[in-house]
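Residue-level structural notes
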Amino acid sequence: IAQSEGYDYIAVAHHKDDQAESILAHLIRGTGLNGLTGMAVVSNDYSIPVVRPLLDVTKEELLLYLKEKDISYCIDRTNEDVRYQRNRIRHRIIPELETINPNVVNAIVRLGNSVCEDISLISNLTDMAFDELVTISDEGAFISRRGLRKEPLAIQRRLWQRLVSILDPEIKLTTAHQEQLLDIVNTGEEKTFNIKSIKVSAQCDTIKVYCKH
């Protein structure tokens, strides 16, 4: 619809309570730091940006505003159906957590904001390590084992994901893939293995990463 109507962006009504639910859902499924950040105010995952201008506003504040302004609104009929994970979190888990901490929604969202700041720092450090350690040519990417060993694991994991994404944007490294890569970095043995369309080959100090043809 946005494309056919020529809209510049899509604004959605996700609010602070939704943000807390999203972070909890990611935590329950198992997530790294990125999952703890929740939803972004601006998402550029599609050709038309999605913006969430209400992420700092609670559901209670929104309902009060609508009542004061006499504005009608719609409710998704599935919102009460606890067969859906998000609804179970909304109607059962968060109310239980609020008996321990009445401000748990704010606490969870603060955690997400704090993680965003940490990720920004780690991302900058990863950029520096990538520029220093990775050489990219027509034959593929080349990395020094010794150089990688000097980097913290948090940087190594992000560097590998960034490199793989450059070669094949569709690939998301699993925990098993990261463990294989860590093993290659920490040993001096000749090793070769595949991650879908990508081949990783290590000889002496050099690790070569390239797309299979």
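Structure first, text after, so check above.
Within each chain, residues carry numbers counting from 1 in the order of the written sequence. For a predicted model such as this one, the threshold for reporting local features is a pLDDT of at least 70, and the threshold for listing and counting side-chain atom pairs is 80 or more; totals across whole chains, interfaces and linings nevertheless cover every residue. Excluded from the side-chain calculations are hydrogens and water; all other atoms, namely the structure's heavy atoms, are used.

Considerations on the packing of aromatic side chains
We call Phe, Tyr and Trp rings a pair once their centres come within 6.5 Å, taking the six-membered ring for Trp, and we label the pair stacked below 30 degrees between planes, edge-to-face above 60, and tilted otherwise. For the structure on display, the rule yields zero aromatic pairs. In this arrangement the basic side chain of Lys 208 is found over the ring face of Tyr 210, its NZ or CZ atom lying 4.6 Å from the centre. In this scheme, Lys NZ or Arg CZ marks a charge over a ring once it lies within 6 Å of the ring centre and within 35 degrees of the ring normal.

Quick notes on the sheet that holds strand β8 (residues 206-211)
In this analysis, strands are considered paired if DSSP registers two or more bridges between them. Secondary structure is summarised from DSSP: a helix means a run of H or I of at least four residues, a strand means a run of E of at least two, and numbering begins at the N terminus for each. If you walk across this open sheet you meet the five strands as β4-β5-β8-β7-β6, and the pairing is antiparallel. A single partner strand is all that each edge strand has here, and the edge strands are β4 (134-137) and β6 (191-195). Taking the axes of each pair of neighbouring strands and ignoring which way they run, one obtains an average angle of 20 degrees across the sheet. Bridge count between strand β7 (residues 198-203) and β8: six bridges; the pairing is antiparallel. Note that in β8 the partner of Ala 202 across the bridge is Ile 207. Contacts between residues were defined by any pair of non-hydrogen atoms, one from each residue, lying within 4.5 Å. Note on geometry: axes are lines fitted to C-alpha atoms, helical ones only across the stretch in contact, with angles between N-to-C directions running from 0 to 180 degrees. This element, helix α5 (residues 104-133), spans β4 and β5 (140-144) of the sheet and lies at about 60 degrees to β4. Each of β6, β7 and β8 is contacted by helix α8 (residues 175-186), which is oriented at about 160 degrees to β6, the strand it contacts most.

Observations concerning the layout of surface pockets
Method remark: on a 1 Å grid restricted to protein atoms, a set of points is classed as a cavity if a 1.4 Å probe fits but cannot get out and as a pocket if it is open with protein on both sides within 12 Å along at least five of seven lines; lining residues have an atom within 4 Å of a point. Grid points are joined across faces, edges and corners, and a volume is the space filled by probe spheres set on the points. Space inside the largest pocket adds up to approximately 790 Å³. Looking at the largest pocket, it is lined by 30 residues, and the ones nearest its centre are Ala 13, His 15, Asp 18, Lys 59 and Asn 79. If you tally residues by element for the lining of the largest pocket, the top one is helix α4 (residues 85-100), at seven residues. Approximately 560 Å³ is the volume attributed to the second largest pocket. Considering the residues around the second largest pocket, the lining is formed by 15 residues, among which Gly 32, Leu 33, Asn 34, Arg 158 and Gln 161 are closest to the centre. Breaking the lining of the second largest pocket down by element, the ones donating at least two residues are α5 and α7 (153-167). A breakdown of the residues in the lining of the second largest pocket according to their chemical character gives four nonpolar, seven polar and four charged. Each residue receives one of three labels: charged for Asp, Glu, Lys and Arg, nonpolar for Ala, Val, Leu, Ile, Met, Phe, Trp, Tyr, Cys and Pro, and polar for the others, Gly being one of them.

With respect to the environment of Tyr 84
In this structure, Tyr 84 sits in the loop between α3 (59-68) and α4. A simple rule labels every residue: compare its accessible area, found with a 1.4 Å probe on the protein chains alone, to the largest value its type can have, and call it buried under 20%, exposed over 50%, or partly exposed in between. Classification of Tyr 84 as partly exposed rests on a relative accessible area of 44%. Taking the C-alpha atoms as reference points, Tyr 84 and Glu 60, separated by 24 residues in sequence, lie 22 Å from one another.

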